[in-house]
Amino acid sequence: MTDPPRLLLVHGVPTMRAGLHRLLTDGGFDVAVAGSAEDALEAAVASAPQLVMVAAELPGGMALVRTVGERLRGARTVVITERADGEELLAAVLAGARGYLRADMQLERLPAAVHGVLAGEVALPRAQLVHLLEELRARHASRTLLSDRTGARLSAREWEVLSLLARDASTAVIARELGISEVTVRRHVSALVSKLGVRDRGEAVELMRRSSS
């Protein structure tokens, strides 16, 4: 008899955490739980999960998704959200999530969707896929134009920082979103400003926005 798949559920709301735990346990998973991103890392070391389910509303949730991908080789992540949102979906996908599921989906479908992710499938809401595709196309076009106009070749992480700057994110917010230190964020900002040949982050954002228009 094979052991059930190991899953780590990370949710900050006790009632939701308890309900999802029961549902996933009944669905055939060996479920460990954590109530914060910090506790999740310790629990991940202890339980060696094959999949980590993270609440989108959890402080530091997207950074946790990235950290799981970097530290737990082979573990997959699913983001579960109270509301389906195109920007949040994009953030989850870019962070490395293999699934993005609504907490109010038909409950009997949730375990099957998670089993599918473990089997190599991707679980994304169809209603949000158009937004995801359009946003990715727009970002690609913006990067191409910006690179053609400036000759700059930014790294993937520098593009992420620039995209967050364009959303008026502060250094602290960028650090939290990307799971890096504020010193590292400033280093990336300095590098992309130099590569783009502008004076500061404000001019870098303006240049990016002109390239998108």
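Whatever comes next refers back to the structure up there.
Residues numbered from 1 in each chain as written. Predicted model: local features only at pLDDT ≥ 70, side-chain atom pairs only at ≥ 80, totals over all residues. Heavy atoms only, no water.

Caption draft 1: Up close: empty space enclosed by the protein. For the structure on display, the rule yields one cavity of 30 Å³ or more. When its volume is computed, the largest cavity comes out at roughly 150 Å³. Lining the largest cavity we find 14 residues, and of these R66, A91, L94, L164 and R167 sit closest to its centre. Those elements that provide at least two residues to the lining of the largest cavity are helix 3 (61-71), helix 4 (86-95), helix 7 (156-166) and helix 8 (171-178). Considering every element that reaches the lining of the largest cavity, the biggest residue donor is helix 4, with five residues. Grouping the amino acids of the lining of the largest cavity by side-chain chemistry returns seven nonpolar, one polar and six charged. (1 Å grid on protein atoms, 1.4 Å probe; cavity = no way out; pocket = protein on both sides within 12 Å on 5 of 7 lines; lining within 4 Å. Points joined across faces, edges and corners; volume = space filled by probe spheres on them. Helix = DSSP H or I, 4+ residues; strand = E, 2+ residues; numbered from the N terminus. Nonpolar A, V, L, I, M, F, W, Y, C, P; charged D, E, K, R; others polar.)

Caption draft 2: Representation of helix 1 (residues 14-26) in the model. Its 13 residues give helix 1 an end-to-end C-alpha distance of 18 Å, which sits within 8% of 18 Å, the value for a rise of 1.5 Å per residue. Summarising the contacts, the buried residues of helix 1 are in contact with strand 1 (6-10), strand 2 (30-34), strand 3 (51-55), strand 4 (76-81) and helix 5 (110-118). G28 sits one or two positions beyond helix 1 and adopts a positive phi of about 105 degrees. (Expected span 1.5 Å × (residues − 1). Contact = heavy atoms within 4.5 Å.)

Caption draft 3: Examining the pattern of salt bridges more closely. Enumeration according to the criterion identifies five salt bridges in this entry. Here E160 and R66 are joined by a salt bridge, their closest N and O atoms 3.1 Å apart. Taken together, the residues span a long stretch of sequence, with E160 in helix 7 and R66 in helix 3 at a distance of 94 residues. Overall, E160 belongs to the buried group, its relative accessible area being 17%. Note on R66: relative accessible area 11%, which makes it buried. E203 serves as the salt-bridge partner of R199, at 2.6 Å between the closest nitrogen and oxygen. Using a relative accessible area of 26% as the deciding quantity, one classes E203 as partly exposed. (Salt bridge = Lys/Arg side-chain N within 4 Å of Asp/Glu carboxyl O. Buried < 20%, exposed > 50% of the residue type's maximum accessible area, 1.4 Å probe, protein only.)

Caption draft 4: Layout of the environment of L51. Among the secondary structure elements, L51 is positioned in strand 3. Residues L51 and A75, spaced 24 residues apart in sequence, show a C-alpha to C-alpha distance of 5.2 Å. In this view, L51 contacts R6, L7, L8, R76, V78, V114, V117 and L118; residues no more than four positions away in its chain are not counted.

Caption draft 5: Quick look at the nonpolar core. If you look at the biggest cluster of nonpolar residues, it comprises 26 residues, and the most contacted ones within it are L8, V10, L58, L64 and V79. Those elements giving two or more residues to this core turn out to be strand 1, helix 2 (37-47), strand 3, helix 3 and helix 4. For this core, the element with the highest residue contribution is helix 4, accounting for five residues. When sequence neighbours within four positions are dropped, the list of residues in contact with V10 reads A34, S36, A37, A40, V52, M53, V54, A55, L58 and L64. Counting 23 residues, the second-largest nonpolar core is a separate cluster that includes A152, I174, A175 and V198. (Core = buried A, V, L, I, M, F, W, Y, C linked by side-chain atoms within 4.5 Å.)

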